[in-house]
Amino acid sequence: DPSKPVYDDEGNYYVGDNPMLGNDSDHLLANAELNQDDTTLDRIFINTYIQATLSDNLVLKSTFNGDFLYSKRHRFIPSTNPSNINNNNALASANINTFYDADFLNENTLNYKKTFGDHSLNVLGAVTFQTHSRETTALSVTQIPSDGVGVNALQLTSSESVTNVSTGYSEDHLIGILGRVQYAF
């Protein structure tokens, strides 16, 4: 809010209503400088295959793929943030959110090729297996009695100050079968 002073006469972040509008609004500079919002994201891709020639005309191929994603987000708003001061001198608050995704894909093909004079035959059969799972956790607390601990000591708050605790798990699977026959002469 450009009409709101950044600092008061003592050099502290301005705390109070917007002088032009007469209402309370977040102090954007204080949010940027005081609040912590850290996200860690780790991702691993794995891809490999094996192929075997079973005969002159028959080839088997299997691929294996993995995609693993872990994300963790920590948000902390200290009691010194003007938004908390305007809110009856509220203590610090924090949120922790995590999720873990795991995707697996396995594709298997069997390909038969044969030529008979001027004629050729190509037969392909395949089966695929895919699975996806996601596990999530979320925790939100208010009234953390110390700004110095950040999100690392949420147990210091009382049970009444826990505003959200949730976990979740989902999983789904896909199976696919396909075939193709090509004949040329």
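Conventions we followed
- Residues numbered from 1 in each chain as written.
- Predicted model: local features only at pLDDT ≥ 70, side-chain atom pairs only at ≥ 80, totals over all residues.
- Heavy atoms only, no water.
- Phe/Tyr/Trp six-rings, centres within 6.5 Å; stacked < 30°, edge-to-face > 60°.
- Buried < 20%, exposed > 50% of the residue type's maximum accessible area, 1.4 Å probe, protein only.
- Lys NZ or Arg CZ within 6 Å of the ring centre and 35° of its normal.
- Pairing = 2+ DSSP bridges.
- Helix = DSSP H or I, 4+ residues; strand = E, 2+ residues; numbered from the N terminus.
- Axes fitted to C-alpha atoms, helices over the stretch in contact; angles between N-to-C directions.
- Core = buried A, V, L, I, M, F, W, Y, C linked by side-chain atoms within 4.5 Å.
- Contact = heavy atoms within 4.5 Å.
- Polar contact = N/O pair within 3.5 Å; in protein donor to acceptor, adjacent residues only side chain to side chain.

S.K.: I'd like to hear about the packing of aromatic side chains, residue by residue, with values.
M.R.: Taken as a whole and assessed by the stated rule, the structure comprises three aromatic pairs. Summarising the aromatic geometry, the rings of Tyr-7 and Tyr-13 are spaced 5.8 Å apart at their centres and angled 20 degrees between planes, so their arrangement reads as stacked. Residue classification places Tyr-7 among the partly exposed positions, given a relative accessible area of 43%. One cation-aromatic arrangement involves Lys-61 over Tyr-49; the distance from NZ or CZ to the ring centre is 4.7 Å.

S.K.: Could you give me a rundown of unusual backbone geometry, with the residues and numbers involved?
M.R.: One non-glycine residue, Gln-143, lies in positive phi territory at about 60 degrees. On the accessibility criterion, Gln-143 (34% relative accessible area) is partly exposed.

S.K.: An account of the sheet that holds strand 5 (residues 162–184) is needed here, citing residue identities and associated values.
M.R.: In spatial order, the strands read 1-2-3-4-5; together these five strands make up an open sheet with antiparallel pairing. Since the sheet does not close on itself, it has two edges, and those belong to strand 1 (36–55) and strand 5, each with one partner. Adjacent strand axes in the sheet meet at a mean angle of 5 degrees when their direction is disregarded. Across 24 bridges, strand 3 (residues 92–116) lies against strand 4 (residues 119–144) in antiparallel orientation. Across the sheet, the residue bridging to Glu-107 is Thr-128, located in strand 4.

S.K.: Residue-level account of the nonpolar core, with values.
M.R.: With eight residues, the main nonpolar core is built from Phe-76, Ala-92, Ala-94, Ile-96, Val-141, Ile-144, Val-151 and Leu-154. For this core, the elements supplying multiple residues, two or more each, are strand 3 and strand 4. With three residues, the top contributor of residues to this core is strand 3. Filtering out sequence-adjacent residues up to four positions away, Ala-94 remains in contact with Arg-75, Phe-76, Leu-139, Ser-140, Val-141, Ile-144, Val-151 and Leu-154.

S.K.: Now, about the side chain of Asn-84: what can you tell me, with residues and values included?
M.R.: Position of Asn-84 among the secondary structure elements: in helix 2 (residues 82–86). In this structure Asn-84 comes out as buried when scored by relative accessible area, which is 10%. Within the structure, the side chain of Asn-84 is placed 3.3 Å from the backbone oxygen of Leu-91, a separation counted as a polar contact. Excluding residues that lie within four positions of it along the chain, Asn-84 makes contacts with Ile-77, Pro-78, Ser-79, Asn-89, Ala-90, Leu-91 and Ala-92.

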